[in-house]
Amino acid sequence: MRIFAWCVSVLFHPLLLPMYMLFITFNSDTIFSGIPVYTQRMSYMLTLLGVTMLPLVSLPLLKWLGLIGNYRLIHKQDRVFPVLATVVGAFLVFYLSRNLPFSNIVRELYLIMVILLSGFMIVTMRWKMSMHMTAIGALCAFVFTLGTKYFGEVINLLPFLILIAGVLAFSRLYLKRHTPAQIYAGFFYGVIVVSVLFNKG
């Protein structure tokens, strides 16, 4: 069971969910499915480099500088600077994608991500909230809005994602990484922020 919980945590790691979000967007049966292939490929590449790789490669430097205790980021104070690195990466993707044709939805996603993570970082300074659950909550809200606002069949994914959120919550609790309050707070924080910001666009 421990291996299963660990695999779920890795498969739905917050650094991977932006890639899933892009895949869903480009295959959503909405107007965004027609985004040029060049823009799609560049969006994937920028996301991989800026939001997945940049935070990962920053960890050894942060550890060397004594800003984090270890790579597991168990304590809340260890999470502040890695989250800041992710905010910087998301902002870089937002900025660098400005000249990509038909990239408005991608830029909107990353602006929302910058705001979401900035708020998460502020909370993390005082209290440990689940980043995994924040990310999956954000994804659920995004898929719901994408399906209702742009009438995509992607809405059919929502029950599956809610099930995944439940399995992920169980995994984080089983691994003793969070309390139930941290799990619920993370999920609803992600849902509320993305629902409010994405529906304003």
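Residues numbered from 1 in each chain as written. Predicted model: local features only at pLDDT ≥ 70, side-chain atom pairs only at ≥ 80, totals over all residues. Heavy atoms only, no water.

### Remarks on the overall build of the protein
Part 1 of the argument: A count of helical and extended segments in the protein gives 8 helices and 0 strands.
Part 2 of the argument: Its C-alpha atoms give the protein a radius of gyration of 16 Å, near enough to 17 Å, the size a compact globule of 201 residues would have.
Part 3 of the argument: Taking the principal axes of the C-alpha coordinates as reference, the protein spans close to 45 × 35 × 30 Å.
Part 4 of the argument: By the burial criterion, 49% of the 201 residues in the protein qualify as buried. (Helix = DSSP H or I, 4+ residues; strand = E, 2+ residues; numbered from the N terminus. Rg over C-alpha atoms; globule rule 2.2 N^0.38 Å. Buried < 20%, exposed > 50% of the residue type's maximum accessible area, 1.4 Å probe, protein only.)

### A closer look at the packing of helix α3 (residues 37–64) against helix α4 (residues 76–96)
Part 1 of the argument: Interaxial distance between α3 and α4 falls to 8 Å at its minimum, and their mutual angle equals 150 degrees. With respect to α4, the axis of α3 lies roughly antiparallel. Crossing handedness for the pair α3 and α4: right-handed. Facing Leu 46, Thr 47, Gly 50, Val 51, Leu 54, Pro 55, Ser 58, Leu 59 and Leu 62 of α3, the residues of α4 in contact are Phe 81, Pro 82, Ala 85, Thr 86, Gly 89, Ala 90, Leu 92, Val 93 and Leu 96.
Part 2 of the argument: Here the residues of the contact of α3 with α4 sort into 13 nonpolar, 5 polar and no charged. (Axes fitted to C-alpha atoms, helices over the stretch in contact; angles between N-to-C directions. Parallel < 35°, antiparallel > 145°, perpendicular 65-115°, else oblique. Left-handed = near helix turned anticlockwise from the far one by under 90°. Contact = heavy atoms within 4.5 Å. Nonpolar A, V, L, I, M, F, W, Y, C, P; charged D, E, K, R; others polar.)

### So, a nonpolar patch on the surface
Part 1 of the argument: A contiguous nonpolar surface patch, about 1100 Å² in accessible area, is contributed by Leu 61, Trp 64, Leu 65, Leu 67, Phe 81, Leu 84, Val 88, Phe 91, Leu 92, Tyr 95 and Leu 96.
Part 2 of the argument: If you tally residues by element for the nonpolar patch, the top one is α4, at 7 residues.
Part 3 of the argument: For Leu 65, the position within the fold is in the loop between α3 and α4.
Part 4 of the argument: Residue class for Leu 65 comes out partly exposed when judged on its relative accessible area of 48%. (Patch = residues over 30% accessible without salt bridge, like charges linked within 9 Å, V, L, I, M, F, W, Y side chains within 5 Å. Areas by Shrake-Rupley, 256 points an atom, 1.4 Å probe, with all protein chains shown as cover. Salt bridge = Lys/Arg side-chain N within 4 Å of Asp/Glu carboxyl O.)

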